[in-house]
Amino acid sequence: MKIRFLPLIVAVLCAESALNAASVDFVRDVRPVLEKHCYSCHGPEKQKGGLRLDVKSAAMKGGEEHAPNIIPGKAKESPLLIAVRGEDEDLKMPPKGERLSAAEVEILTRWVTEGAEWPEGVDSVKLVDARAHWSFQPMTNPEVPEPAKRGWARDPMDRFILKRLEQEGLQPSPEASRAAWIRRVSFDLTGLPPTPEQVMGFETDSKPDACERVVDAMLSSPRFGEQWAQHWLDLVRYADTHGFEVNTERPNAWPYRDYVIRAMNADVPYNEFVRQQLAGDRLGQDAATGFLVTASVLLPGQIGADDASKRLARQDSLDEIVVNTSQTFLGLSVGCARCHNHKFDPISAKDYYAMQAFFAGVEYRDRPLQTPEGEAARQRAKEVREQIARLEKQLGDLAPLARSGVARAEVNAKVNVDRFAPVKTRKVKLTIEATNSLEPCIDELEVFNVDGVNVALALSGAMVNACGQTLVADRHDLRFLNDGKYGNSRSWMSNEKGKGWVVLEFPQEHVVERVVWGRDREGKFTDRLATQYRIEVEESEGVWQVVADGSDRTRKEVPGARRKPAVFQGEGLPEADRKKGQKWFAQKQNLEGELRRVEDESKVFAGVFREPDLIRVLNRGNPEQPKEEVTPAVPASFGKYQLPATAKEADRRIALADWITRPDHPLTARVMVNRIWQWHFGTGIVDTPSDFGVMGTQPSHPELLDWLAQEFVRGGWSMKQLHRRIVLSATYRQSAEYRADAAAKDADARLLWRFPPRRLMAENIRDTMLAVSGQINFEMFGRGFNLFHQRGGLAGFTPVEAFGPDGYKRMIYAHKVRREPDAVFGAFDCPDAGLSTSRRRESMTPVQALNLMNSRFALDVASAFGQRVQREGGKEVPGQIQRAYLLALGRAATEQEVGECRPVVESHGLGALCRALLNSNEFLFLP
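Below, the structure is looked at part by part. (Residues numbered from 1 in each chain as written. Predicted model: local features only at pLDDT ≥ 70, side-chain atom pairs only at ≥ 80, totals over all residues. Heavy atoms only, no water.)

Regarding helix α21 (residues 719–727)
Residues of α21 that are buried include every one of Met719, Lys720, Leu722, His723, Ile726 and Val727, and no others. Around the axis of α21, the buried residues are gathered within 160° of arc, so they sit on the same side. You can read the cap of α21 off the contacts: a side-chain oxygen lies 3.1 Å from the backbone nitrogen of Gln721, and it is on Ser718. (Buried < 20%, exposed > 50% of the residue type's maximum accessible area, 1.4 Å probe, protein only. Helix = DSSP H or I, 4+ residues; strand = E, 2+ residues; numbered from the N terminus. Arc of directions from axis to C-beta. Polar contact = N/O pair within 3.5 Å; in protein donor to acceptor, adjacent residues only side chain to side chain.)

Digging into the packing of helix α12 (residues 254–266) against helix α13 (residues 270–279)
When two helices pack together, their arrangement is given by the angle between the helix axes and the distance between those axes. Where α12 contacts α13, the two axes come as close as 11 Å, and the packing angle between them is 165°. The pairing of α12 with α13 is recorded here as roughly antiparallel in orientation. Considering only the axes of α12 and α13, their crossing is right-handed. Along the contact surface, α12 presents Tyr256, Tyr259, Val260, Ala263 and Met264, while α13 presents Phe273, Gln276 and Gln277. (Axes fitted to C-alpha atoms, helices over the stretch in contact; angles between N-to-C directions. Parallel < 35°, antiparallel > 145°, perpendicular 65-115°, else oblique. Left-handed = near helix turned anticlockwise from the far one by under 90°. Contact = heavy atoms within 4.5 Å.)

Quick word on helix α24 (residues 762–773)
Residues separated by three or four positions in an α-helix point in the same direction, a consequence of the helix having 3.6 residues per turn. An ideal rise of 1.5 Å per residue puts 16 Å on 12 residues; α24 measures up with 17 Å between its terminal C-alpha atoms. Counting buried residues in α24 gives 12 out of 12 residues, a clear majority hidden from the surface. Looking only at α24, the buried set comprises Ala762, Glu763, Asn764, Ile765, Arg766, Asp767, Thr768, Met769, Leu770, Ala771, Val772 and Ser773. One or two steps after α24, the chain reaches Gly774, where phi turns positive at roughly 80°. (Expected span 1.5 Å × (residues − 1).)

Observations concerning the packing of aromatic side chains
Enumeration over the complete set of coordinates arrives at 34 aromatic pairs. Both rings, one in Tyr732 and one in Phe755, keep their centres 5.3 Å apart while their planes meet at 80°; by these two values the pair is edge-to-face. Of this pair, Tyr732 sits in helix α22 (residues 730–733) while Phe755 sits in the loop between α23 (740–745) and α24; the two residues are 23 residues apart in sequence, bridging distant segments of the chain. Each member of the pair, Tyr732 as well as Phe755, is classed as buried. The rings of Trp232, Tyr238, Tyr256, Tyr259, Tyr270, Phe273, Phe291, Phe329, Phe712 and Trp717 are connected pair by pair, giving a single aromatic cluster. Over the ring of Trp181 we find Arg733, and its NZ or CZ is 5.8 Å from the ring centre. (Phe/Tyr/Trp six-rings, centres within 6.5 Å; stacked < 30°, edge-to-face > 60°. Lys NZ or Arg CZ within 6 Å of the ring centre and 35° of its normal.)

Regarding the layout of surface pockets
Size it by volume and the second largest pocket reaches roughly 1500 Å³. Taken together, 48 residues make up the lining of the second largest pocket; nearest its centre are Gly50, Ala58, Lys61, Leu127 and His342. When contributions to the lining of the second largest pocket are tallied by element, the ones reaching two or more residues are α4 (56–61), α15 (349–356), β13 (615–618) and β14 (626–630). A per-element tally of the lining of the second largest pocket places α4 first, with four residues. Of the residues that constitute the lining of the second largest pocket, the class distribution is 18 nonpolar, 13 polar and 17 charged. (1 Å grid on protein atoms, 1.4 Å probe; cavity = no way out; pocket = protein on both sides within 12 Å on 5 of 7 lines; lining within 4 Å. Points joined across faces, edges and corners; volume = space filled by probe spheres on them. Nonpolar A, V, L, I, M, F, W, Y, C, P; charged D, E, K, R; others polar.)

Set out below in structure tokens:
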């Protein structure tokens, strides 16, 4: 039997040997194994770890963890084979479910060993190279088209629009009326309506350059910069608070806002505008670098004390800078590559961290403003401090010495002034033994020498120590005890109820005679007051002498008492001394107000620049899993542009700015031209203005976009020149009238067969209400006015309802609280600076009408508007109605409107009519 079957056995063995000798075929042998075990996680539907194994180009490229994953000819070194063999428990694949059999592993091993041959044309799909996307390609030089009815065009850009309309069987709309056009262009360029006199003058101006002169005047107006800076501030997330849970104030953020307004008014070329915001500290525009730190940030007190929390917070702060830079200037979502290679755009995780390396030396913090204005403010602050010190000494001379048995005069009920016989020391200690409630709190501890100089300031080298503290980020911190700032928001708080101590140590000995300190010299809080205390000076090492204590006080604050303005308390003094004290104290108060102002002008929240950190690629964005080191470089798909690891901090930012502003950069000019187009027409040529990547939309007029971008660069990157070109074009001058036939083909008017109507921005609505009522305050720049009674904090933002002249400035000058919309105009889609707003949405809600009809602001403005109309409209009601229409809507009222409004005015007054006009669509929408 055995002999009989021997030929069969030999034949089988021979066949098996022949099979083993044959090359592994990808389609027959390999793909079935991959399909069975790998495609569910690494196939067309899902690509875990960025690895895709069903397409040759992707499989050979590898994933985020291993690239390449397949190394032809090296089976032992290929991560794919290591994973399927299960040699490393952490890398074992598949992690769950059925494992590969020994025969399947052998097939893959032989395939790789033989060179991993993967024939072309066998994949079911062909991946598109993201680098071939239109926006990553060089700008083209399209020829201006020749539409059939080219006589309509006023500018070459009109011919691009008209050609596309003709291709779609559409025609442009008739030109808007002169009144409508001047109102439209005035709102667009200045954010305010034209005056009735401007409208009338333009309507009767028959000169051929009438439109050009109107536009030039508006472009030259300081109001232009205010309007267009608002668009930019939306984009970069500007706010005057830090954000996140505590949301404390950024008191020195506003210089960046003012820089943007000035740059827009000065028509700073856009390429220089970009460079200044990235490296203005080296280009004479220090405040411009506020751009780098406009986003939210976690402050030291909000970050965990452990090193891991600090590393994560640092990564978050750097990420905000990378995201802000890439989406603002390049229209790219580079931040998506923080944890893994970008899913759609040609940006790897390594590219992301190489971009991060440009900013590795930037910290979010206040610093001195390095400009002539900042230096002048610092010099003036020094002079004011010296004047205050002299007044403090003079006031102190009126008060008897502490511990003398004579009742002393207090300068201010909210301030303790302890004066004693001059003593030489290097240390002063304040010990609080009891309070009226909770832990003691001190806003500033000052120690004056016999020359009236405060020697306790940190700027003078004084160091402070304490028993402990209750730390609240940017509010309560030991470093605030001698920083020269008053108020609860810059104070030290003990961590022990009812008591605590602090010690000031000077760099050298001083002869001191007065200690001044307070709980809250802004007068907002009366809790946590020290009721028993003592002040000591160190005579020798470890030997302390008491020089003053709570028994020397003439009176104490009464908890819960109604706060009164600070006054000079001169009980017990001769009349002549009391009057001198009152005069000196009033002078001191005025100087303290000036000091706060000039100190604000000397600082900027624009980041602190230091030695750059070492940047590494982080596995899945985890700071605890660092990988290889990277040096500053732009994404590899844009070419090789890299700096050495030794590059200095400022040189890194300058190099990045130079690359972004190259005239041949495929994105920079396109992105900004598109933004300006969108801010005029409501929608950009690309209607995803901050995403020009693969997932962004295709341009509606690609040739026009490239032509405008090229013209923009050739014109010296002038933004005003582009604005002028657009608002004088035939496309912009079209009527906004609806046409059903055109709307049936292009409902959103993306092809611009008419001017697309849109509502005014929230800021424009508020500013226009103030303008027509005659209340607007055109004072520019400086610290923002308050929309809320709080300038920052955890919650409870109570809105200001009644404003004084300062609150009637344009809304761009309001103190902007992040994530807290304005009580009235927040309903009109005013961004809260939590996210970049490249395009404002336009909602319609009942709250909008209620706010404009019933809010205190609206009622006050309508009343003032009515009073203005009464002054300017004559004694007769019809004339008053006409004046109200001219001011609010830029046109005369019709006879029918006068007839309908007259009974309202006679029954309810002009305020009621003005209130109705301020709520009308004609008032709220561009014509």
